[in-house]
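Single-letter residue listing:
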Amino acid sequence: MSNFVKAAVAAVIASSAVAQAQAEDIKVGLLLPFSGVYAALGEEIETGFRLGLDTFGEGSGASFEIVREDSEASPPVGLAKTRKLVMQDKVDVMAGVVSSGVLGAIRDVVDGAKVPLIVANAGNDEATGEACSPWITRMSFSNQQVNRPMGKYLVDQGITKVFTIGADYAAGQQMIGAFAEAFKAAGGEIVGQEFTPFQKTQDFGPFLAKAKSSGAQAVYAFYAGGEAISFVKQYDSFGMKDALPLYGAGFLTSQLYVDAQGRAAEGVVTALHYVPTIDNEANRQFVEAFKVKAGHLPSEYAVHGYDAARALVEAVKSGATDRETLGAALQKTSFDGPRGATAIDPATNNIVQPIYVYQIVAGEGGAQTQKVLSQLPAEADPVNGCEMALIN
Ligand code: PHB
């Protein structure tokens with residue numbers, strides 16, 4: 001079966017001979033996990049990406065051909081697929097990438113080949129820090145960006161002793177690391193820290209026992225995908241939530257998994273750049289359109305895909321047609337979308353966006369929903385060693 005799926009958009013302008021003469025065929029390499037622990041995330045990002053092309057592509061005069069590749073959550077697989085997309089398929093632009101490990105592995109290939117990459121998830125701090133590249137524009141988040149604000153937030157809640165736990169790979173280490181640094185700077189103490197084998201841990205029991213006896217007032221966690229579902233459920237069934245409230249990076253109780261977590265997720269407080277309950281007009285429109293397309297509420301992964309597609313379409317609308325002009329235009333992305341005001345930071349090519357602290361509460365009909373407790377101001381990451389160049 002062919003991996004090639006064509007998404008033709010902007011047919012509406014076909015009546016204009018001028019527009020037809022300018023029409024471009026943009027080949028997009030969509031690199032996402034379609035199998036493994038992050039498979040559901042990949043599917044959600046693709047749905048958001050296609051919705052974004054449909055929504056914003058009208059009037060662009062371009063058609064977008066998508067070449068899909070499965071990276072799993074595996075750096076070597078992601079690297080091999082990137083080489084194929086860049087060298088064999090000769091894509092004009094790449095989008096996607098869920099795992100920080102995969103982003104680290106493919107960074108030099110896209111930078112060396114000068115292929116623009118719109119990151120639609122992976123938060124790898126280095127990709128917009130010391131290993132930044134003008135060819136890498138991130139429309140999702142950085143690992144430190146979503147966790148740093150929670151350091152002071154917890155101390156402000158009177159919590160000064162925390163046990164941390166997370167998946168043992170780049171994203172887990174960076175997310176927990178950024179939280180711990182900010183928490184200690186605000187006067188908090190990390191009384192215990194565990195990293196669990198990534199994609200291999202089914203039983204969190206032994207780790208939860210350590211948290212219980214650590215003397216902490218709360219636990220701070222990073223998990224995503226299937227691991228987030230089992231961690232939150234086991235945390236609840238261990239009866240830990242009352243004595244040791246659970247905090248974390250907001251992926252932990254993502255809209256994508258909260259139905260599977262059910263009541264076990266209620267009460268958990270986390271921070272993230274998007275939840276479907278954000279109150280603004282662009283989000284209301286997005287939520288409605290996504291529900292029609294996918295049959296469920298959008299998660300942060302859906303918005304990453306949607307906003308990545310919008311950034312691409314806006315680059316094309318500004319006149320970009322090939323790797324170089326697309327790369328240059330992507331660096332200038334800025335729009336108000338479902339998350340609020342978003343813009344690419346010219347110093348790092350990372351997105352600047354508000355961060356929302358939210359709690360999972362009981363919603364209508366037995367479902368769980370996100371109550372936004374606080375909107376923290378948009379914060380650009382420190383440049384972290386990035387020396388950004390403009391493509392032109
Ligand atoms: C990452 O590896 O950067 C990553 C994966 C899944 C998430 C967040 C970050 O939900």
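Predicted model, so just to flag it, every value in this text is computed and none were measured.

A. Inspection of the overall build of the protein at higher detail. On a plain count of helices and strands, the protein comes out with twelve helices and 16 strands. In terms of overall size, the protein behaves like a compact globule, its C-alpha atoms giving a radius of gyration of 20 Å where 392 residues would be expected to give roughly 21 Å. Considered along the principal axes of its C-alpha atoms, the protein spans approximately 70 × 45 × 40 Å. Within the protein, the proportion of its 392 residues that are buried is 58%. Considering only residue pairs separated by 6 or more positions, the protein has 71% of its internal contacts joining residues 24 or more positions apart. Accessible surface, the protein as shown: approximately 14600 Å² in total, 51% of it carbon and sulfur. With 30 positive and 43 negative side-chain charges, the protein shows a spacing of 2 Å between the two charge centroids.

B. Molecular detail of the site of the ligand. Contacts to the ligand come from 17 residues, most closely from Ser100, Gly123, Tyr169, Ala224 and Tyr301. Within the side chain of Ser100, an N or O atom sits 2.6 Å from an oxygen atom of the ligand. A distance of 2.6 Å separates an oxygen atom of the ligand from a polar side-chain atom of Tyr301. Expressed as a share of its isolated accessible area of 280 Å², the protein-covered part of the ligand is 100%. The site holding the ligand turns out to be the largest cavity. Along the lines of polarity and charge, the residues of the shell around the ligand split into twelve nonpolar, five polar and no charged.

C. Up close: the layout of surface pockets. Considered as a void within the structure, the largest pocket measures approximately 220 Å³ in volume. If you trace the largest pocket, you find it lined by Asp125, Gln144, Arg148, Gln174, Gly177, Ala178, Glu181, Ala182, Ala185, Pro382 and Asn384. For the lining of the largest pocket, the secondary-structure elements that each account for two or more residues are helix H5 (143–156) and helix H6 (170–185). Of all the elements, H6 adds the most residues to the lining of the largest pocket, at six residues.

D. Structural detail: the packing of H5 against H6. The contact between H5 and H6 brings their axes to 7 Å, and the two run at 35°. The chirality of how H5 crosses H6 is right-handed. When H5 is examined against H6, the residues Asn143, Gln144, Asn147, Arg148, Met150, Gly151, Lys152, Leu154 and Val155 are found in contact with a partner set consisting of Ala170, Ala171, Gln174, Met175, Ala178, Phe179, Ala182 and Phe183.

E. Layout of the state of the cysteines. Applying the stated criterion to the full structure yields one disulfide. In this model Cys132 forms its disulfide with Cys386; the gap between the sulfur atoms is 2.2 Å. Taking the sign of the S-S torsion, 85° for the link of Cys132 and Cys386, the bridge is right-handed. Here Cys132, found in the loop between strand S5 (117–119) and strand S6 (136–138), pairs with Cys386, found in the segment after strand S16 (368–376); they are 254 residues apart in sequence, far enough to count as distant. Residue classification places Cys132 among the buried positions, given a relative accessible area of 9%.

F. Spotlight on the environment of Leu31. Structurally, Leu31 can be placed in strand S2 (residues 24–32). According to the relative accessible area criterion, Leu31 is buried, its value standing at 0%. Along the chain, Leu31 and Arg68 lie 37 residues apart, while their C-alpha atoms are 6.1 Å from each other. Setting aside residues up to four positions removed in sequence, Leu31 forms contacts with Glu69, Ser71, Gly78, Lys81, Thr82, Leu85, Met94, Ala95, Gly96, Val97, Val102 and Ile106.

G. Region of interest: the sheet that holds strand S10 (residues 246–249). If you walk across this open sheet you meet the seven strands as S8-S7-S9-S10-S11-S15-S16, and the pairing is mixed. The sheet terminates laterally at strand S8 (189–197) and S16, the two strands that pair on one side only. Across the sheet, the mean angle separating the axes of adjacent strands is 25° when strand polarity is ignored. As paired elements, strand S11 (residues 269–272) and strand S15 (residues 355–362) share four bridges and run antiparallel to each other. Considered in S15, the bridge of Thr270 is made with Tyr358.

H. Spotlight on helix H4 (residues 100–113). Given a rise of 1.5 Å per residue, 14 residues ought to cover 20 Å, and the 20 Å separating the end C-alpha atoms of H4 matches this to within 8%. For H4, the principal kink sits at Ile106 and spans about 45°. Taken residue by residue, H4 has Ser100, Val102, Leu103, Ile106, Arg107, Val109 and Val110 as its buried positions. Of the residues flanking the start of H4, the one acting as N-cap is Ser99, its side-chain oxygen 3.0 Å from the backbone nitrogen of Gly101.

I. Geometry of the UniProt feature "domain: Leucine-binding protein" (unreviewed entry) in the protein. In this structure's numbering, the residues bearing the UniProt feature "domain: Leucine-binding protein" (unreviewed entry) are residues 26–363. What you have in residues 26–363 is 43% helix and 22% strand, and the ends, taken at the C-alpha atoms, are 42 Å apart.

J. Focus on the pairing of S11. A two-sided burial pattern is seen for S11, the buried positions comprising Val269 and Ala271 on one face and Thr270 and Leu272 on the other. Inspection of the sheet shows S10 paired to S11 by three bridges, in the parallel sense. Following the sheet pairing, Ala249 is matched in S11 by Ala271. Regarding the hand of the β-α-β motif, the stretch spanning S10, helix H9 (residues 255–261) and S11 is right-handed.

K. The arrangement of the environment of Gly250 in detail. Summarising the element assignment, Gly250 is placed in the loop between S10 and H9. Once the C-alpha coordinates of Gly250 and Leu30 are considered, the two residues, 220 residues apart in sequence, prove to be 25 Å apart. Sequence-distant contacts of Gly250, defined by excluding residues within four places in its chain, comprise Thr270, Ala271, Leu272 and Tyr358.

Rules behind the numbers
- Residues numbered from 1 in each chain as written.
- Predicted model: local features only at pLDDT ≥ 70, side-chain atom pairs only at ≥ 80, totals over all residues.
- Heavy atoms only, no water.
- Helix = DSSP H or I, 4+ residues; strand = E, 2+ residues; numbered from the N terminus.
- Rg over C-alpha atoms; globule rule 2.2 N^0.38 Å.
- Buried < 20%, exposed > 50% of the residue type's maximum accessible area, 1.4 Å probe, protein only.
- Contact = heavy atoms within 4.5 Å.
- Areas by Shrake-Rupley, 256 points an atom, 1.4 Å probe, with all protein chains shown as cover.
- Lys, Arg positive; Asp, Glu negative; His and termini not counted.
- Charge placed at Lys NZ, Arg CZ, Asp CG, Glu CD.
- Near = heavy atom within 4 Å.
- Polar contact = N/O pair within 3.5 Å; in protein donor to acceptor, adjacent residues only side chain to side chain.
- 1 Å grid on protein atoms, 1.4 Å probe; cavity = no way out; pocket = protein on both sides within 12 Å on 5 of 7 lines; lining within 4 Å.
- Sits in = over half its atoms within 2 Å of the grid points.
- Nonpolar A, V, L, I, M, F, W, Y, C, P; charged D, E, K, R; others polar.
- Points joined across faces, edges and corners; volume = space filled by probe spheres on them.
- Axes fitted to C-alpha atoms, helices over the stretch in contact; angles between N-to-C directions.
- Left-handed = near helix turned anticlockwise from the far one by under 90°.
- Disulfide = S-S within 2.5 Å.
- Pairing = 2+ DSSP bridges.
- Expected span 1.5 Å × (residues − 1).
- Bend = angle between axes of the 7 residues up to and from the residue.
- UniProt positions renumbered as here; feature names shortened; annotations may be inferred.
- Right-handed = clockwise from strand over helix to strand, strands pointing away.

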